[in-house]
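Each chain, letter by letter, is given below.
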Amino acid sequence: MPTEDPQSAIRALLEEKRVFPPPKAFTDQANARDGAIYAEAAKDPEAFWARMAGELKWTKPWTKVLDWNPPHAQWFVGGQLNVSENCLDRHLAGWRRNKAAIIWEGEPGDERVLTYADLHREVSKFSNVLKGLGIGKGDRVNIYLPMIPEAAVAMLACTRIGAVHSVVFGGFSAESLRERINDAGAKLLITADGGWRRGKILPLKAVADEAVKDCPTITKTVVVRRVGEAAGASFDPARDVWYHEEMAKAALTCPPEPMDAEDMLYVLYTSGSTGKPKGIVHTTGGYLTHVYATTKLIFDLKEEDVFWCTADVGWVTGHSYIVYGPLANGATVLMYEGSPDFPDKDRFWRIVEKYRVTIFYTAPTAIRTFMRWGESYPAGRDLSSLRLLGTVGEPINPEAWMWYQEHIGRKKCPIVDTWWQTETGGILIAPLPGLTATKPGSATLAFPGISAEVVNDAGDPAAAGYLVLTKPWPGMLRTILNDDKRYQQTYWDRYRGVFYFTGDGAKRDEDGFFWLLGRVDDVMNVSGHRISTMEVESALVDHPAVAEAAVIGRADEMKGQAVSAFVTLKAHIQPSDELLKEIKAHVVKKIGALARPEDIFFTSELPKTRSGKIMRRLLRDVAEGRVLGDTTTLADPGVVAQLKRQYEEK
Ligand code: PRX
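Residues numbered from 1 in each chain as written. Predicted model: local features only at pLDDT ≥ 70, side-chain atom pairs only at ≥ 80, totals over all residues. Heavy atoms only, no water.

Another aspect to go through is helix 12 (residues 316-328). The element helix 12 is largely enclosed, with a buried count of 13 among its 13 residues. Two residues or fewer past helix 12, G330 is found with a positive phi of approximately 70 degrees. (Buried < 20%, exposed > 50% of the residue type's maximum accessible area, 1.4 Å probe, protein only. Helix = DSSP H or I, 4+ residues; strand = E, 2+ residues; numbered from the N terminus.)

According to the stated counting rule, one finds 55 salt bridges in the structure shown. We note a salt bridge from E105 to R347, for which the minimum N-O separation is 2.8 Å. Within this pair, whereas E105 is found in strand 4 (residues 100-105), its partner R347 is found in helix 13 (residues 347-355), the two being separated by 242 residues in sequence. Assigned by exposure class, E105 and R347 land together as buried. Note that D300 is salt-bridged to R387, the shortest N-O span being 2.9 Å. On the criterion of sequence distance, the pair formed by D300 in the loop between helix 11 (285-298) and strand 16 (306-309) and R387 in the loop between helix 15 (376-379) and strand 19 (388-392) is long-range, its members being 87 residues apart. Here the salt bridges share partners, and the residues they tie into one network are E105, E111, R347 and K354. (Salt bridge = Lys/Arg side-chain N within 4 Å of Asp/Glu carboxyl O.)

The residue R478 is located in the loop between strand 22 (464-469) and strand 23 (479-480) in this model. With relative accessibility at 8%, the residue R478 sits in the buried group. In this structure the side chain of R478 is engaged in a polar contact, spanning 3.4 Å, whose partner is the backbone oxygen of A73. Side-chain polar atoms of R478 contact the side chain of T283, separated by 3.3 Å. Not counting chain neighbours up to four residues away, the residues in contact with R478 comprise H72, A73, W75, E262, V281, T283, G286, W473 and Y487. (Polar contact = N/O pair within 3.5 Å; in protein donor to acceptor, adjacent residues only side chain to side chain. Contact = heavy atoms within 4.5 Å.)

A few words on the site of the ligand. Inspection of the region around the ligand gives 16 residues, with D417, T418, T422, R519 and R530 positioned closest. Within the backbone of P395, an N or O atom sits 3.4 Å from a nitrogen atom of the ligand. Within the contact set of the ligand, an oxygen atom lies 2.9 Å away from a side-chain nitrogen or oxygen of D504. Secondary structure elements with two or more residues in the shell around the ligand: strand 20 (415-418) and strand 25 (514-519). Along the lines of polarity and charge, the residues of the shell around the ligand split into 5 nonpolar, 6 polar and 5 charged. (Near = heavy atom within 4 Å. Nonpolar A, V, L, I, M, F, W, Y, C, P; charged D, E, K, R; others polar.)

To continue, consider the packing of helix 20 (residues 616-623) against helix 21 (residues 637-649). It is the contact of helix 20 with helix 21, at a shortest axis distance of 9 Å, that shows an interaxial angle of 25 degrees. Compared by their axis directions, helix 20 and helix 21 come out roughly parallel. Considering the relative orientation of helix 20 and helix 21, their crossing is right-handed. Contact residues: L618, L619, V622 and A623 in helix 20; V640, L643, K644 and Y647 in helix 21. Grouping the constituent residues of the contact of helix 20 with helix 21 by class yields 7 nonpolar, no polar and 1 charged. (Axes fitted to C-alpha atoms, helices over the stretch in contact; angles between N-to-C directions. Parallel < 35°, antiparallel > 145°, perpendicular 65-115°, else oblique. Left-handed = near helix turned anticlockwise from the far one by under 90°.)

Quick look at the structure:
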């Protein structure tokens with residue numbers, strides 16, 4: 001049973017009153033230090049974004065900044081540019097040529113540094129490898145790799161030749177990978193023999209083999225040798241090629257393909273409120289402008305910074321703030337392969353100390369874990385290089401925010417709490433660290449040029465309600481791959497094509513600050529990972545013993561939410577611990593370990609309305625130990641009362 005008060009996190013947010021003005025020393029050197037930037041961008045957002053886009057290299061200028069046919073936007077219409085040219089070639093002329101672009105640390109302790117010249121050469125070579133394998137402009141390429149520099153090389157090489165990448169997080173199962181490859185119609189898969197996690201080998205190639213058995217569009221698989229013999233990976237000479245062998249033969253230069261601003265850059269799958277993941281489509285010019293500008297102004301990037309975003313490149317945070325945003329700024333990025341507690345719980349702080357990391361960006365769930373491990377781990381390391389901290393992925397509880405400020409930031413680093421989504425491409429709500437006062441638990445204000453609002457059901461501004469975006473922005477998704485109707489329904493129909501519906505609840509305080517309160521739809525946020533209740537339910541009912549299942553995100557002190565499942569078994573099947581384990585393992589096999597239910601509760605019936613709809617709200621009340629909400633619409637109100645009694649006896 002949950003022991004803590006599950007609503008305490010939300011209550012703490014609603015009652016928070018502390019304010020921290022930006023430290024003067026920070027403001028004095030900040031990239032954004034003139035408060036006029038907000039008013040200037042609000043007056044003419046298109047001019048603001050055009051100014052930002054103008055800092056990139058375009059091979060053909062745009063003729064129109066924004067073409068808005070709700071709900072479809074086009075940015076920088078008529079313009080041409082290449083993303084890899086902006087992230088690499090643009091930095092080669094001067095001394096940045098020999099500056100570190102990627103500093104990489106593998107989990108076993110191996111290290112690599114790639115300068116901008118090195119990365120440019122690797123990307124050019126791999127672009128030629130891709131071309132040699134028959135990949136060209138508009139082709140889809142799937143990437144299923146651990147956190148190794150080759151992941152960034154593969155992504156950038158796709159952008160160089162105009163291929164569309166679809167990166168799948170290495171923790172997803174073969175079935176999830178297959179579904180994503182097939183939806184994207186990928187011609188090529190790039191994977192590795194394995195990866196390292198907590199001293200163990202992740203069998204990526206074995207999972208990839210299992211997936212591509214039923215992927216008719218895949219013609220070849222490129223395999224990076226990361227682990228070597230120990231991985232025991234199979235190799236099919238008819239389909240597989242080794243990355244290092246192809247690279248050894250590849251020519252050193254490859255001209256960047258000029259791309260239209262609205263050409264597709266990548267697809268990234270995320271969970272929605274149905275069982276089927278959505279392929280979020282991002283395009284070239286607007287996306288790059290958005291991630292370039294937000295990285296520069298929110299993370300205050302300077303030439304000498306070492307920027308560490310702890311996300312995996314399999315998520316949007318890795319796309320935008322490990323690869324494209326920082327490299328477009330010519331920054332030094334740190335990339336780490338493994339977990340924070342291996343070989344010990346101070347691994348992150350050792351890395352900060354070793355490489356003199358200056359900007360550190362992580363998720364609230366990680367911060368809460370560090371809190372639980374205790375402050376002696378960071379205290380034992382020299383963290384004096386840090387000058388700015390960030391968080392992303394879920395609401396941060398004020399207690400974790402204060403701990404982060406004190407024990408990691410040593411009270412001198414501003415904290416940028418950044419709100420955004422896979423769909424938004426880049427950050428939309430966050431402080432500008434030299435300008436905006438911060439409040440623990442608030443993502444503060446919309447980024448210049450972004451129009452956000454909290455509205456009620458009718459769409460009128462409200463102190464508490466739903467977060468919406470009232471104007472298009474450059475990094476916004478353009479559609480859902482192969483399903484434009486779902487794009488319209490999910491994000492635009494709710495407010496008749498006028499506002500973009502985020503799916504998040506929020507409130508606004510007297511200073512106009514935004515406080516994000518979590519999802520209002522059937523999407524769970526487990527340790528900052530987005531998982532759909534329906535996806536887990538489908539995996540559960542796929543098990544032969546399960547008749548029916550309902551899944552909720554139960555409030556959890558560490559993870560934000562935990563996957564909690566209520567399951568009815570088929571007739572004559574008896575619940576047992578054995579079966580419980582088996583069903584959990586089935587979900588892991590279907591989706592991946594990130595979706596493993598924390599608890600499964602066997603019940604003879606689920607609470608349903610008279611029309612047969614499962615009342616998840618009541619299940620949440622049961623799982624979080626609350627007084628039951630309104631049960632009058634239930635077909636049989638006795639079911640939920642019985643369930644509550646059973647649950648409490650557990
Ligand atoms: O609920 C919000 C939460 O994460 C959701 C987006 O998830 P995903 O597309 O996986 O992207 C995560 C990384 C950008 C949002 O709808 N979320 C993200 N950042 C915050 C947040 N909730 C509160 N505060 C944040 N800073």
